[in-house]
Amino acid sequence: MKKPAIILLYLFSIIKVGFGQQGTPVKTPKGVLDDFMTKRFGMFVHFGPVTLRGTEIGWSRNKEVAQDDYDNLYKEFNPVLFNADAIVKTAKEAGMKYLVITAKHHDGFALWPSAFTDYNINKTPYKRDIVAELAAACKKQGILFCIYHTVLDWHDPNYPIHNPYDSTKNVKGDMVAFKTQMKNELKELIAKYHPYLLWFDGYWEKPWTNTDGQEIYAYIKSVDPNVIVNNRLGKESEKLNDQSVGDYLTPEQRIGQLNMNEPWESCITICQQWAWKPNDKMKSAQECIQTLVKTAAGNGNLLFNVGPMPDGRIEARQIETLQQMGAWLKKYGESIYGTKGGPFAPNDNYAVTRKVNKIYLHIFQKKDDKIVLPNLPGVSVTNAYVLGGSKVTYKPNAAGYIIDLPQTLPDANSNVIVLELNKNAEEIPVITAVK
């Protein structure tokens, strides 16, 4: 047993990492986080040996795929058609501004040749460093490069849970050694690939504590104070408070609610499964575009997931849908990038974003010849027009603003009407009484 003085010294050495000279926690600079929230649209890439089975990454181990089979898939993993430049080009053409790759998911396999684990890409027939190639392609094409790293690792002998479906298969583990391993891997990833953002997941299992998350967050900040970290290092994932660890909220497979106080990013799949699945049901271009619009209208970012096939390519049908999103953004991107959500919460008929003196009214479907927006006290509309098109007539009344819709809406996915105001739209308080 350690003496009390030694224990205190050890605890202090953990706590002080990532803290300033006055003991203040080093957080991501506000300007860095604010800039991230202007990007609005990013690509999530879930990829690994499990694509050979077409089942879910991590979660199908000990379920659809036997553990021994799953853990040996790396011996066959050879995505010879993987092309980092092509994947990043797809993201760029879709209008995405950043990319997140699952460098290490819950199955413990590393997509980079790590010096700290043998269970990595260098042991596959492929051998090439997928993380390095994506980082280089992102830099070349002007996309921000980001890395996903799991909190839990069902493959690591030091992590107590090896089979979440059968507790008899679990081990004692060593969480101190496990966190040391994690720190080594994270430092390696930051030093070699310089990610703009680190995306964590797997925080919910009992061996991982909020204190563990705070320790890792502080360590990351000691290595790179500017790297952005999502909020899944701590046990609280729905709010940013004293019990949460990270910089922003991450609602999953749903669009976050209008939130002007806390930064957030929805992660949503283009199909149903995160990793590639043959013949997986895919969302329509209209649903994808309206998902992006509603996310921005709620003041959030959309991290939109694709899963490359076993040969390394993204499916052609997914690329086609992403290209349709990019074509829409070329016309209407002004209403998404660099905007703020509100002042009205999005609904099934319309959503709004705002920037400087403009409100962008996104019309999803035309149910009537007119649309009535609730009143904005002390605000006057001075001009209205279809973005890239003709003038729109409007008039105020006691209920709010009556906007005459064009006889034919120009876009089948989402139409944008610009309302110019007599004041800064970003300063308008959120209007909650919207049906």
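Residues numbered from 1 in each chain as written. Predicted model: local features only at pLDDT ≥ 70, side-chain atom pairs only at ≥ 80, totals over all residues. Heavy atoms only, no water.

The subject of this paragraph is the overall build of the chain. Helix and strand counts for the chain stand at 9 helices and 15 strands. Taken over the C-alpha atoms alone, the chain extends approximately 75 × 50 × 40 Å along its principal axes. When each of the 435 residues of the chain is scored for burial, the buried share is 56%. For the chain, contacts bridging at least 24 residues in sequence account for 70% of all contacts bridging at least 6. As displayed, the chain has an accessible area near 19000 Å², and 52% of this comes from carbon and sulfur atoms. Within the chain, one finds 51 positive and 46 negative side-chain charges whose respective centroids are separated by 3 Å. (Helix = DSSP H or I, 4+ residues; strand = E, 2+ residues; numbered from the N terminus. Buried < 20%, exposed > 50% of the residue type's maximum accessible area, 1.4 Å probe, protein only. Contact = heavy atoms within 4.5 Å. Areas by Shrake-Rupley, 256 points an atom, 1.4 Å probe, with all protein chains shown as cover. Lys, Arg positive; Asp, Glu negative; His and termini not counted. Charge placed at Lys NZ, Arg CZ, Asp CG, Glu CD.)

Within the largest apolar cluster, 82 residues are counted, with the highest numbers of intra-cluster contacts made by Met 43, Leu 99, Leu 134, Phe 145, Ile 220, Leu 233 and Phe 304. With 7 residues, the single largest contributor to this core is helix H6 (residues 175–193). Those residues in contact with Ile 220, other than ones at most four positions away along the chain, are Leu 186, Ile 190, Leu 198, Phe 200, Val 227, Val 229 and Leu 233. Core analysis: the second largest hydrophobic core is formed by 24 residues, Phe 344, Val 386, Val 392 and Ile 431 among them. (Core = buried A, V, L, I, M, F, W, Y, C linked by side-chain atoms within 4.5 Å.)

What follows covers the sheet that holds strand S9 (residues 350–355). Through backbone hydrogen bonds, the strands of a sheet pair up, either in parallel or in antiparallel fashion. In spatial order, the strands read S8-S9-S10-S15-S12; together these 5 strands make up an open sheet with antiparallel pairing. Only two strands of the sheet have a single neighbouring strand rather than two, namely strand S8 (340–341) and strand S12 (381–386). As defined by bridge partners, S8 adjoins S9 across 2 bridges and the pair is classed as antiparallel. Each bridged residue has a counterpart across the sheet, and for Lys 340 the counterpart in S9 is Arg 354. Its contacts with the sheet put helix H8 (residues 285–297) on S8, S9 and strand S10 (358–363), and the angle it makes with S9 is roughly 55°. (Pairing = 2+ DSSP bridges. Axes fitted to C-alpha atoms, helices over the stretch in contact; angles between N-to-C directions.)

At a closest axis distance of 10 Å, the pairing of H6 and helix H7 (residues 210–223) adopts a crossing angle of 30°. Between H6 and H7, the angle is such that the two are roughly parallel. Crossing geometry of H6 relative to H7 is assigned as right-handed. Each of Met 175, Lys 179, Met 182, Lys 183, Leu 186, Lys 187 and Ile 190 in H6 lies in contact with H7, whose residues at this interface are Asp 212, Glu 215, Ile 216, Tyr 219, Ile 220 and Val 223. (Parallel < 35°, antiparallel > 145°, perpendicular 65-115°, else oblique. Left-handed = near helix turned anticlockwise from the far one by under 90°.)

Moving on, we come to empty space enclosed by the protein. Rolling a probe over the atoms, with the probe sized like a water molecule, indicates the empty space that remains. The final tally for this structure, using the stated rule, is 3 cavities of 30 Å³ or more. Grouping the constituent residues of the lining of the largest cavity by class yields 6 nonpolar, 5 polar and 3 charged. (1 Å grid on protein atoms, 1.4 Å probe; cavity = no way out; pocket = protein on both sides within 12 Å on 5 of 7 lines; lining within 4 Å. Points joined across faces, edges and corners; volume = space filled by probe spheres on them. Nonpolar A, V, L, I, M, F, W, Y, C, P; charged D, E, K, R; others polar.)

Counted under the stated rule, the structure contains 18 aromatic pairs. On the basis of an interplanar angle of 45° and a centroid distance of 6.5 Å, the ring pair of Phe 41 and Phe 304 is categorised as tilted. One end of the pair, Phe 41, is in strand S1 (residues 41–45); the other, Phe 304, is in strand S7 (residues 301–306), with 263 residues separating them in the sequence. Like Phe 304, Phe 41 is buried. Ring geometry for Trp 59 against Trp 204: centres 5.8 Å apart, planes inclined by 15°, an arrangement best described as stacked. Placement of the pair is Trp 59 in the loop between S1 and helix H3 (67–71) and Trp 204 in the loop between strand S4 (197–201) and H7, with a sequence separation of 145 residues. The partly exposed category is assigned to Trp 204, whose relative accessible area is 36%. Through a chain of ring-to-ring contacts, the aromatic side chains of Phe 47, Tyr 74, Phe 77, Phe 82, Phe 109 and Tyr 119 assemble into a single cluster. Positioned above the aromatic ring of Tyr 337 is the side chain of Lys 97, whose terminal nitrogen or guanidinium carbon lies 4.5 Å from the ring centre. (Phe/Tyr/Trp six-rings, centres within 6.5 Å; stacked < 30°, edge-to-face > 60°. Lys NZ or Arg CZ within 6 Å of the ring centre and 35° of its normal.)

Our focus in this paragraph is the side chain of Gln 181. Examined against the element boundaries, Gln 181 turns out to sit in helix H6. In this view, Gln 181 contacts Phe 116, Thr 117 and Asp 156; residues no more than four positions away in its chain are not counted.

Another point: the layout of surface pockets. In this structure, the second largest pocket spans a volume of roughly 210 Å³. What lines the second largest pocket is a set of 13 residues, and nearest its centre among them are Glu 238, Leu 249, Arg 254, Gln 257 and Asn 259. Of the residues belonging to the lining of the second largest pocket, the class tally is 4 nonpolar, 5 polar and 4 charged.

Okay, unusual backbone geometry next. The step from Gly 342 to Pro 343 runs through a cis peptide bond, and the omega angle for that step is 10°. Relative to the helices and strands, Pro 343 is located in the loop between S8 and S9. With phi around 70°, Asn 62 is a residue other than glycine that occupies positive phi space. Phi is positive for Asn 299, close to 80°, though the residue is something other than glycine. Mapped onto the elements, Asn 299 comes out in the loop between H8 and S7. The class of Asn 299 is buried, set by a relative accessible area of 13%.

Moving on, we get to helix H4 (residues 84–93). Buried within H4 we find Ala 84, Ile 87, Val 88, Thr 90 and Ala 91. Each buried residue of H4 lies within a common arc of 150° when the element is viewed along its axis, so the set occupies one face. At the N-terminal boundary of H4, the capping side chain belongs to Asn 83, with an oxygen 3.0 Å from the backbone nitrogen of Asp 85. Positive backbone phi, approximately 90°, marks Gly 95, located one or two places after H4. (Arc of directions from axis to C-beta. Polar contact = N/O pair within 3.5 Å; in protein donor to acceptor, adjacent residues only side chain to side chain.)

Attention shifts here to the side chain of His 362. Tracing the chain through its elements places His 362 in strand S10. Since its relative accessible area comes to 0%, His 362 is described here as buried. Within the structure, His 362 has its side chain in polar contact with the side chain of Thr 353 (distance 3.4 Å). Apart from the residues within four sequence positions on either side, His 362 is in contact with Val 293, Trp 328, Ser 335, Ile 336, Asn 349, Tyr 350, Ala 351, Val 352, Thr 353, Ser 414, Asn 415 and Val 416.

Keep in mind these values describe shape, not function.
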